[in-house]
Amino acid sequence: MNTTSRIRRMVSLATGIVWVAVAGHSHAQSARTIKLEEAITMSLQNSKQLKLSQSNIDLAGLGIRQVKENQLPSFSVSGSYLRVNSPNVNLKIKQEGNDSTGNSGGMPNVHQAMYGMASASMPLFSGFRFKYGLESARYVEQAAKLDADNDREAVIQNTVAAYGNLYKAQKAVDLVTENLASERERVQEFTNREKNGMLARNDLMKAKLQESNVELALLNAQNDLKITTINMNLLLGLPEETVLEADANSFAALKEEGNAAEWEQTALSHRKDFAANGIRQKAADSDIKVAKADLYPSVALSAGYVALSIPGVVTVPNAVNAGIGFKYDVASLWKSGAKIAQARTKAYQLKTNEQIILDKIHLEVNTAYYNYVLSKRKIDVYAKAVEQANENYRITKNKYDNSLVTTTELLDADVAQVQSRIDYEAAKADAVVAYKKLEQTAGVIN
């Protein structure tokens, strides 16, 4: 066996080992096909934003609990033990009971004192502060729930957009990889023809340049796929190394666009931010009434118990009291004005914000609607472009084989063919994302 044969066998063996290693790695990294609905469900379960929204609902619920607890009776207990010294007392006046010499009949010797107190109070009337405070807290909780629903819709839309980007990145990698294989075959063919003197070296260089450009395009496509996969794994709560594959069936069917005015009417009745603002207006109206509560008197039922013991002086074992207390702060007549004005200003701000939201809804719905209409039309245009590019390449290839067109024209036709297929696949994904965006702006993405 000569040296050349041994080298060829070593190269073949090394190639086989590399192929087995690559195949084993590919099997270990087999892609997990995930449907759009599954991706949405996983993102909702994993969303940190929704967890934060739930905590806001919990806080609002605690606000209701706090108002209710303030209406409960208050009860306090206190007690003290005092150690007292024996002070020197020199009275300059004559007291009854003095003896004939003018000296006192005897002062009590007090060294300690003890007392204990228990008091309870239950508000009966506080100017409707509790009533309207509870009403406002409940409105705040309802608004927090609507905010959470709005955040949920945003998470869904974000997941759909990420899923569409994943699909587009995968299709770009697949199509460019397929094109690179064709380019390498062409380079091999041109190399053989150039060796046999049937092709100019300049044409071979053009084919090799085209191959290099496609390799660069593949590197960019693979990089985009890595980034979109990382983003998708973060949304779904999956390990970063998980290889995902979007389901092409998720982009198969498209829905009718309907009418823009109907979508806008749907938004007015389903948009969570619009509804939340309306609920907050009701809460603001209740806050105005809470601010006015200082202008009313307050009435409370009270009761107490006192036990007192001063050895040698007095013992009170069971002093019980009960009654109704009345309080009115006259200064509230001139001290509550700013608080009431502040509450009214907040209500005015929310009313003004309602008009801002209405304008926002009108713009967002119409923008999403016409973007979806455009996306559907792009699919039709790109579908025709694919047919035209395929036919153009077929004709150009026949002409090239008959020496009727240049190598540059053949390569340009090849690039146009691949680009049209990439654009068509991207248009299908963009249309689904656009429709979901339309549903989100109308508040019906669920």
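Criteria and cut-off values
- Residues numbered from 1 in each chain as written.
- Predicted model: local features only at pLDDT ≥ 70, side-chain atom pairs only at ≥ 80, totals over all residues.
- Heavy atoms only, no water.
- Helix = DSSP H or I, 4+ residues; strand = E, 2+ residues; numbered from the N terminus.
- Buried < 20%, exposed > 50% of the residue type's maximum accessible area, 1.4 Å probe, protein only.
- Contact = heavy atoms within 4.5 Å.
- Areas by Shrake-Rupley, 256 points an atom, 1.4 Å probe, with all protein chains shown as cover.
- Salt bridge = Lys/Arg side-chain N within 4 Å of Asp/Glu carboxyl O.
- Axes fitted to C-alpha atoms, helices over the stretch in contact; angles between N-to-C directions.
- Parallel < 35°, antiparallel > 145°, perpendicular 65-115°, else oblique.
- Nonpolar A, V, L, I, M, F, W, Y, C, P; charged D, E, K, R; others polar.
- Core = buried A, V, L, I, M, F, W, Y, C linked by side-chain atoms within 4.5 Å.
- Polar contact = N/O pair within 3.5 Å; in protein donor to acceptor, adjacent residues only side chain to side chain.
- Expected span 1.5 Å × (residues − 1).
- Pairing = 2+ DSSP bridges.
- Phe/Tyr/Trp six-rings, centres within 6.5 Å; stacked < 30°, edge-to-face > 60°.
- pLDDT = per-residue confidence, 0-100.
- Left-handed = near helix turned anticlockwise from the far one by under 90°.

Some points on the overall build of the protein
1) Next: Broken down by element type, the protein carries 10 helices and 6 strands.
2) Next: The 446 residues of the protein split such that 33% are buried.
3) Next: Within the protein, contacts between residues at least 6 apart in sequence are counted, and of these 85% link residues at least 24 apart.
4) Next: Roughly 27,500 Å² of accessible area belongs to the protein as shown, and the carbon and sulfur atoms make up 55% of that amount.

Some remarks on the pattern of salt bridges
1) Next: If you walk through the whole model with that rule in mind, you get 23 salt bridges.
2) Next: Notably, a salt bridge pairs R271 with E364, separated by 3.1 Å at the nearest N-O pair. Note that R271 is positioned in the loop between helix 6 (260-270) and helix 7 (272-292) and E364 in helix 9 (residues 337-401), a separation of 93 residues in sequence.
3) Next: For R271, a relative accessible area of 5% translates into the label buried.

As for the packing of helix 6 against helix 10 (residues 407-442)
1) Next: Their axes nearest at 7 Å, the elements helix 6 and helix 10 cross at an angle of 50°. In terms of orientation, helix 6 lies oblique with respect to helix 10. Seen from helix 6, the contacting residues are W263, T266, A267 and H270; seen from helix 10, they are Y435, L438, E439, T441 and A442.
2) Next: Of the residues contributing to the contact of helix 6 with helix 10, the split by class is 5 nonpolar, 3 polar and 1 charged.

Description of the nonpolar core
1) Next: In terms of nonpolar packing, the biggest core is built from 25 residues, with Y163, M232 and L236 touching the most fellow members.
2) Next: Elements supplying a minimum of two residues to this core: helix 2 (36-46), helix 4 (129-195), helix 5 (201-236), strand 4 (244-246) and helix 10.
3) Next: When residues of this core are assigned to their parent elements, the largest contribution, 7 residues, is made by helix 4.
4) Next: In this structure M232 touches A39, T159, A162, Y163, L166 and L244, once residues within four positions along its chain are discounted.

A closer look at the side chain of K272
1) Next: Within the secondary structure layout, K272 lies in helix 7.
2) Next: Here H270 takes part through its backbone oxygen, which lies 3.1 Å from a polar atom of the side chain of K272.

Some points on helix 7
1) Next: Relative to the 30 Å expected for 21 residues at 1.5 Å per residue, helix 7 spans 31 Å between its end C-alpha atoms, a close match to the ideal helical length.
2) Next: Taken residue by residue, helix 7 has K272, D273, A276, N277, I279, Q281, A283, A284, S286, I288 and A291 as its buried positions.
3) Next: In the core, the buried residues of helix 7 are packed alongside helix 4, helix 6 and helix 9.

Observations regarding the pairing of strand 5 (residues 298-310)
1) Next: Sheet topology note: the strand 3 (residues 112-125)/strand 5 ladder contains 11 bridges and is antiparallel. Looking at the pairing, S121 lines up with S302 of strand 5.
2) Next: Relative to strand 6 (residues 314-327), strand 5 runs antiparallel, the two sharing 12 bridges. Paired with L301 across the two strands is I324, which belongs to strand 6.

A few points about unusual backbone geometry
1) Next: One non-glycine residue with positive phi stands out, namely F128, at about 65°.
2) Next: In this structure, F128 sits in the loop between strand 3 and helix 4.
3) Next: Taking the relative accessible area as the measure of exposure, F128 reaches 36% and is therefore partly exposed.
4) Next: The phi dihedral of S403 is positive, around 60°, even though this residue is not glycine.
5) Next: Among the structural elements, S403 can be located in the loop between helix 9 and helix 10.

Digging into helix 5
Side chains three or four residues apart in an α-helix point the same way, a direct result of the helix having 3.6 residues per turn.
1) Next: For helix 5, spanning 36 residues, the distance from its first C-alpha to its last is 52 Å, which sits close to the expected 52 Å at 1.5 Å a residue.
2) Next: Directly beyond the C-terminal end of helix 5, a positive phi value near 75° is found at G237.

Side note on the packing of aromatic side chains
1) Next: Applying the stated criterion to the full structure yields 9 aromatic pairs.
2) Next: Ring geometry for W263 against Y435: centres 6.1 Å apart, planes inclined by 85°, an arrangement best described as edge-to-face. Here W263, found in helix 6, pairs with Y435, found in helix 10; they are 172 residues apart in sequence, far enough to count as distant. Neither W263 nor Y435 differs from the other in exposure class; each is buried.
3) Next: Summarising the aromatic geometry, the rings of Y372 and Y435 are spaced 5.0 Å apart at their centres and angled 55° between planes, so their arrangement reads as tilted. Separated by 63 residues along the polypeptide, Y372 in helix 9 and Y435 in helix 10 bring together distant segments of the chain. Each member of the pair, Y372 as well as Y435, is classed as buried.

Side note on the environment of D285
1) Next: Note on placement: D285 falls in helix 7.
2) Next: It is 7.9 Å that separates the C-alpha atoms of D285 and A343, two residues lying 58 residues apart in sequence.

Details of the confidence of the model for the protein
Reading predicted coordinates in detail is not appropriate for stretches of low pLDDT.
1) Next: Here the protein shows a mean pLDDT of 87. Residues at 70 or above account for 89%.
2) Next: Throughout residues 1-28 the model reports pLDDT below 50, and contacts reaching past four residues in sequence, or to other chains, amount to 2 contacts.

Here's the deal with the packing of helix 5 against helix 10
1) Next: Running from N to C, helix 5 and helix 10 cross one another at 15°; their axes reach a closest spacing of 10 Å. Judged by the angle between their axes, helix 5 and helix 10 are roughly parallel. Our pair here, helix 5 against helix 10, has a crossing hand that is right-handed. On helix 10, the residues touching D203, K206, A207 and Q210 of helix 5 are T407, T408, L411, D414 and V415.
2) Next: The class makeup of the residues in the contact of helix 5 with helix 10 is 3 nonpolar, 3 polar and 3 charged.

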